Amino acid sequence: MASDVSEKIDGFYREVLRRNPGEPEFHQAVGEVFGSLGLLLEQDPAYGEHGLIERLVEPERQLIFRVPWVDDHGRVQVNRGFRVQFNSALGPYKGGLRFHPSVNLGVVKFLGFEQIFKNSLTGLPIGGGKGGSDFDPKGRSDAEIMRFCQSFMTELHRHLGEYTDVPAGDIGVGSREIGYLFGQYRRLANRHESGVLTGKGLAWGGSLVRTEATGYGLVYFTAEMLRAHDASFDGARVVVSGSGNVAIYAIEKAQQLGATVVGFSDSSGCVHTPDGVDVDLLRRVKEQRRERVSAYAEEVSGARFSEGGNVWELECDIALPCATQNELDGEAARLLASHGCRFVAEGANMPSTQEAIEVYREEGIAYAPGKASNAGGVATSALEMQQNATRDTWDFEYTDQRLRQIMTNIFTACEQTAEEYGKPGDYVTGANITGFRKVADAMLAQGVI
């Protein structure tokens, strides 16, 4: 029976490779989910029927469009825009927009596929989607970014709506970009449809905690994982890759719970902070001054910047990769293990390669995949949608309480499902099967569409 199931899943995966050539990130994301489905199909073969898996790996809609705009020198620039509306069985498509030179269709499909399961795990009525552009906002003026965002939304707006598709921010898309995008949507739609974008400013439909949500949610999930292993953040040494929004608020919350964050990074190198991180200064350096992490080290006694350095070389108990996909490979995972790391929880989307995940298993490192541990951002986006729908505003404490409960529920579901399928402590299996079953059941109930 097991060999028959394995052969069936291998067949599904070969077909994904054949139909989606040249998209390694998408292949990796699908392969990671398929690695857990054998256990499910052995117990309930019906999930392998009705073209269910074949439909799940095929987006409902893929949009690719030209984004022309004029730079500050009067030159016309042309970028490519994407929106992959992957699955709406649970609700309107929900997922961020990423502006970065690395964005292509395969990257957007990987992110959208992950988003299906992440959104399912929140327990909220949202489907999975993702989008973005190969536009690079770094070094661009506010006026250039505004003109790009207006051109991008001029095409995308016709595919959005609070009951259809609700984007948010991702890498390269913060409050500034969301503001320009929303302004253009409102202008084109001729209505103030607050629920069409999340991550908005507080004065025009945004939600408290949304800025902090992914980083805070990561730490809340990790705290539950630590508790299950008779550990806690109190007194722990933590390393965090990245220094963007997710990393900053993960650092803040981890230190609030008693940890010492001993290192963080950006693409230029890493900073060793044996005495912990001054979060207010880091926020000023990265969010207000938009400088490299070396500027932080220059202003803090005891902090040391290593150009091109690797944050995974630092001794730690807990690692929180919060930068980008595939940043943590097998070699880095072995470094973590050799320096005492016992827990890894992902704040970015798929930051660990498959080789790294195998090292975690070999070394007994408890590991939380991003589709579970970084779901706090989209969960709070859904809470923002609820507030927009009711024209209501919740205070910080209430929204933060909702976020923490959602992350606790996600951990509990992953833990219980892993035990149900004979894989206690395997949060990858728990997350994949939990997320898959809910979407699959909805798809089966709604017929072949």
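This section reports on the structure supplied with the text. All values reported here derive from a predicted model rather than from experimental measurement. (Residues numbered from 1 in each chain as written. Predicted model: local features only at pLDDT ≥ 70, side-chain atom pairs only at ≥ 80, totals over all residues. Heavy atoms only, no water.)

## Considering the overall build of the chain
- In terms of regular secondary structure, the chain is built from 16 helices and 12 strands.
- Here the C-alpha radius of gyration of the chain, 21 Å, is about what a compact globule of 449 residues would show, namely 22 Å.
- C-alpha atoms of the chain, sized along the principal axes, occupy 65 × 55 × 45 Å.
- Classification of the 449 residues of the chain by burial places 57% in the buried group.
- Carbon and sulfur atoms make up 46% of the accessible area of the chain, which amounts to about 17,900 Å² in all.
- A distance of 7 Å separates the average location of the 45 positive side-chain charges in the chain from that of its 61 negative side-chain charges. (Helix = DSSP H or I, 4+ residues; strand = E, 2+ residues; numbered from the N terminus. Rg over C-alpha atoms; globule rule 2.2 N^0.38 Å. Buried < 20%, exposed > 50% of the residue type's maximum accessible area, 1.4 Å probe, protein only. Areas by Shrake-Rupley, 256 points an atom, 1.4 Å probe, with all protein chains shown as cover. Lys, Arg positive; Asp, Glu negative; His and termini not counted. Charge placed at Lys NZ, Arg CZ, Asp CG, Glu CD.)

## Concerning empty space enclosed by the protein
- Evaluated as defined, the whole model comprises one cavity of 30 Å³ or more.
- The volume enclosed by the largest cavity comes to roughly 100 Å³.
- In terms of lining, the largest cavity is formed by Q28, E32, E114, E346, M350, S352, Q354, I357, Y367, P369, G370 and K371.
- Elements represented by at least two residues in the lining of the largest cavity include exactly α2 (24–43), α12 (354–363) and α13 (370–373).
- A class-by-class count of the residues in the lining of the largest cavity yields four nonpolar, four polar and four charged. (1 Å grid on protein atoms, 1.4 Å probe; cavity = no way out; pocket = protein on both sides within 12 Å on 5 of 7 lines; lining within 4 Å. Points joined across faces, edges and corners; volume = space filled by probe spheres on them. Nonpolar A, V, L, I, M, F, W, Y, C, P; charged D, E, K, R; others polar.)

## Some thoughts on the packing of aromatic side chains
- All told, the structure shown has 22 aromatic pairs when counted by the stated rule.
- Measuring from centroid to centroid gives 5.3 Å for F65 and F152, while their planes differ by 50°, and the two rings are tilted. With F65 in strand β1 (residues 61–70) and F152 in helix α5 (residues 142–156), this residue pair connects regions lying 87 residues apart in the sequence.
- According to the relative accessible area criterion, F65 is buried, its value standing at 9%.
- When the ring centre of Y216 is taken as reference, the NZ or CZ atom of K253 above it lies at 4.4 Å. (Phe/Tyr/Trp six-rings, centres within 6.5 Å; stacked < 30°, edge-to-face > 60°. Lys NZ or Arg CZ within 6 Å of the ring centre and 35° of its normal.)

## Focus on the nonpolar core
- Counting residues in each nonpolar core, the largest one holds 62 residues, and the members touching the most others are F233, Y296, L320 and I410.
- Element by element, the count of residues in this core is highest for helix α7 (residues 213–228), at nine residues.
- Viewed by domain, this core spans two of them, domain 2 (61–189) and domain 3 (212–364), each represented by three or more residues.
- Not counting chain neighbours up to four residues away, the residues in contact with Y296 comprise F264, V271, T273, G276, V277, D278, L281, L282, V285 and A303.
- One finds V5, F12, L40 and L111 within the second-largest nonpolar core, a separate group that totals 39 residues. (Core = buried A, V, L, I, M, F, W, Y, C linked by side-chain atoms within 4.5 Å. Domains from an automatic or database assignment. Contact = heavy atoms within 4.5 Å.)

## Describing the sheet that holds strand β6 (residues 237–241)
- Taking strand neighbours across the sheet as the criterion, the seven strands line up as β9-β8-β7-β6-β10-β11-β12 in an open arrangement whose pairing is mixed. Edge positions in the sheet fall to β9 (304–307) and β12 (366–368), since each of these pairs with one other strand and no more. Put simply, the sheet's adjacent strands are angled 15° from each other on average, direction ignored.
- By the bridge criterion, four bridges tie β6 to strand β10 (residues 318–321) in an arrangement that is parallel. Each bridged residue has a counterpart across the sheet, and for V238 the counterpart in β10 is I318. (Pairing = 2+ DSSP bridges. Axes fitted to C-alpha atoms, helices over the stretch in contact; angles between N-to-C directions.)

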